[in-house]
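Given next are the chains, with one letter for each unit.
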Amino acid sequence: MPCQTRFLPSAADKLRHRAKEKAMVFVGVHEEWGRIDVTQADLGCGQDRESIYKTKRPAPLTCYECDWRLHLVHKTHGAYDLWFLRHANKAPHCEARAAGEGMAHHLLKLDLAHHARAAGWSTEYEVAAPDGSWRADVMATSPDGSRRVALEAQMASISVTDIEARTDRYREAGVEVCWFTDRKTIPWLDNVPCVQIARPDDDGGPVQVTAGAACFEPKWCEDRAVCDWCDCEDCGAGVDGPLPCDGHGTWQPATPFPLERFVAAICTNATRPHRLRMGWDTKGTWRWITRQYFDMEEEQLQAHIRKYQIVERLLAVQQRQQQARQAAEQEHLAAIEALLQRQKALTKPVVEFVYHEAGTYPSVARHGSPEFAMGVPVYVRGKPYAVICPVASRLPALRSRLASLVFFAASERERTRLVAQSAPGQRVEVLTAELTPTSPPAFPPQREKGDLTVRQAVNRMLGLDRM
Ligand SMILES: [Zn+2]
Ligand SMILES: [Zn+2]
Ligand SMILES: [Zn+2]
């Protein structure tokens, strides 16, 4: 029908011309009969609506608000028979017209009621709360009366705050709500249970739901015990060992489907508004979903919780291991520090001791070296004569080469340790020295120039200083 093509502008056109759109008015004034309601076949006053339609002389109809001439318009839209009044051209600004209903709004209301009734529900238009806190375009009620759903055609712009407040008022009244709109951009789409609809321009098919409904697309690693998506942030990649897959499914917009199916699904409770719980870009937004998708999201959510319990356990184990390693290293450093202290303290007594024994002053190396089991070599006439405090654990590999030298120890306990690891008959002398108190050892120790720091001593032991 060409008239419908003309009458039903595209959504973009509607947006652009919304302000100028000729709103439909349903009540007017007849010169002789007074008030008429054109939605009723008898005009609400016992007359015949057909008798004032397309008459040769225009019927004497005027606007009760602005007195401008009105035309009775009759349109059929699919199953609908639409009767309404339209202001004649060049009408002044008029409150009745401004408050009147746009065609798109009116048709959507008819559609919503029609689809709810097709699902076995009863519907009423313009149902207001007893206290006036809300007014539903279409109030649909389930056959048993247990559910009431406000089906709201929201073609006009509204602030997110306002539509949230209106949604809250329905919730407080125990009324479910879905907002329907044909707007291109919908600032409130994520904030309230809402869908976008599109009416085909040229009556080319049913009204479609084009946004506001979502499907969950599940995705799991082939082996759910080992997740191989580990390049993402915050995936527990800092933890050693395999982690279970916590799912990589995402919410996706539903492909457009008929409004009729959507309203039917609301009535059968097959679809419900849900605040999405997954996805950095979808989490927290309201979407209409089905039970099946809710379960899929739930499965992924549970897998995610389980995975992070495992991550936390593994992290705790790793942390304990690291603490143990650090403690062991501290102990090791403390032992080295103590060794350096002993060697330094023994140097003077050893020089005296060797002088008395060899009859000449020995020369003492600055510090220990690996060839002498980290002990400090003492030379007499250029030849190795003794070793100050070698490290017992290093002796087995060197014992025969060092067998002819004198070992100096700082205590009986140290002597016992050295003897246990030395060649049979190894000479070990104990010299008492005044040890500078070193408890507890402070790191890094302040040392005289030329002395080794603990770190240097460690490097020397590991041979790192010669690399
Ligand atoms: Zn008017
Ligand atoms: Zn990952
Ligand atoms: Zn995975």
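Residues numbered from 1 in each chain as written. Chains lettered and ligands numbered in written order. Predicted model: local features only at pLDDT ≥ 70, side-chain atom pairs only at ≥ 80, totals over all residues. Heavy atoms only, no water.

- Under an unreviewed UniProt entry, the name given to the protein is Competence protein CoiA nuclease-like domain-containing protein, and the source organism is Streptomyces marianii.

**Overview of the overall build of the protein**
In step 1: The secondary structure content of the protein amounts to 10 helices and 21 strands.
In step 2: Relative to its 467 residues, the protein shows a buried fraction of 42%.
In step 3: The contacts of the protein with a sequence gap of at least 6 include a subset with a gap of at least 24, amounting to 53%.
In step 4: Of the accessible surface of the protein, which amounts to about 26,200 Å², a share of 51% is contributed by carbon and sulfur atoms. (Helix = DSSP H or I, 4+ residues; strand = E, 2+ residues; numbered from the N terminus. Buried < 20%, exposed > 50% of the residue type's maximum accessible area, 1.4 Å probe, protein only. Contact = heavy atoms within 4.5 Å. Areas by Shrake-Rupley, 256 points an atom, 1.4 Å probe, with all protein chains shown as cover.)

**Observations concerning the sheet that holds strand β3 (residues 61-62)**
In step 1: Strand order across the open sheet formed by 3 strands is β2-β1-β3, with antiparallel pairing between neighbours. The sheet is open, and its two borders are formed by β2 (34-37) and β3, each paired with just one other strand.
In step 2: Across 2 bridges, strand β1 (residues 27-30) lies against β3 in antiparallel orientation. Counted as the bridge partner of V29 is T62 from β3. (Pairing = 2+ DSSP bridges.)

**Points about the sheet that holds strand β19 (residues 383-388)**
In step 1: Pairing is mixed in the open sheet, where 5 strands are placed in the order β17-β18-β19-β20-β21. A strand with exactly one partner marks an edge of an open sheet, and here the two such strands are β17 (363-364) and β21 (428-430).
In step 2: Along the sheet face, helix α7 (residues 291-358) touches β17, β18 (376-380), β19, β20 (406-409) and β21 and points at about 135 degrees away from the line of β19. (Axes fitted to C-alpha atoms, helices over the stretch in contact; angles between N-to-C directions.)

**Quick look at the coordination of the zinc ion (ligand 3)**
In step 1: Surrounding the zinc ion (ligand 3) are the protein donor atoms C221 (SG), C227 (SG), C245 (SG) and H248 (NE2), which sit 2.1 to 2.6 Å from the metal.
In step 2: Its 4 donor atoms give the zinc ion (ligand 3) angles of 93 to 124 degrees at the centre, a pattern that matches the tetrahedral case.
In step 3: Positions of the donor residues of the zinc ion (ligand 3) along the chain correspond to the pattern C-x5-C-x17-C-x2-H. H248 matches C245 in its accessibility class, with the two residues each being buried. (Donors = N, O, S within 2.8 Å, 3.2 Å for Na, K, Ca; no water. Tetrahedral: all angles 85-135°; square planar, octahedral: opposite > 155°, others 65-115°.)

**Brief notes about unusual backbone geometry**
In step 1: Phi is positive for D67, which is not a glycine, with a value near 65 degrees.
In step 2: Here D67 lies in the loop between β3 and β4 (70-77).
In step 3: Looking at D67, the relative accessible area reads 60%, which means it is exposed.
In step 4: One non-glycine residue with positive phi stands out, namely C389, at about 50 degrees.

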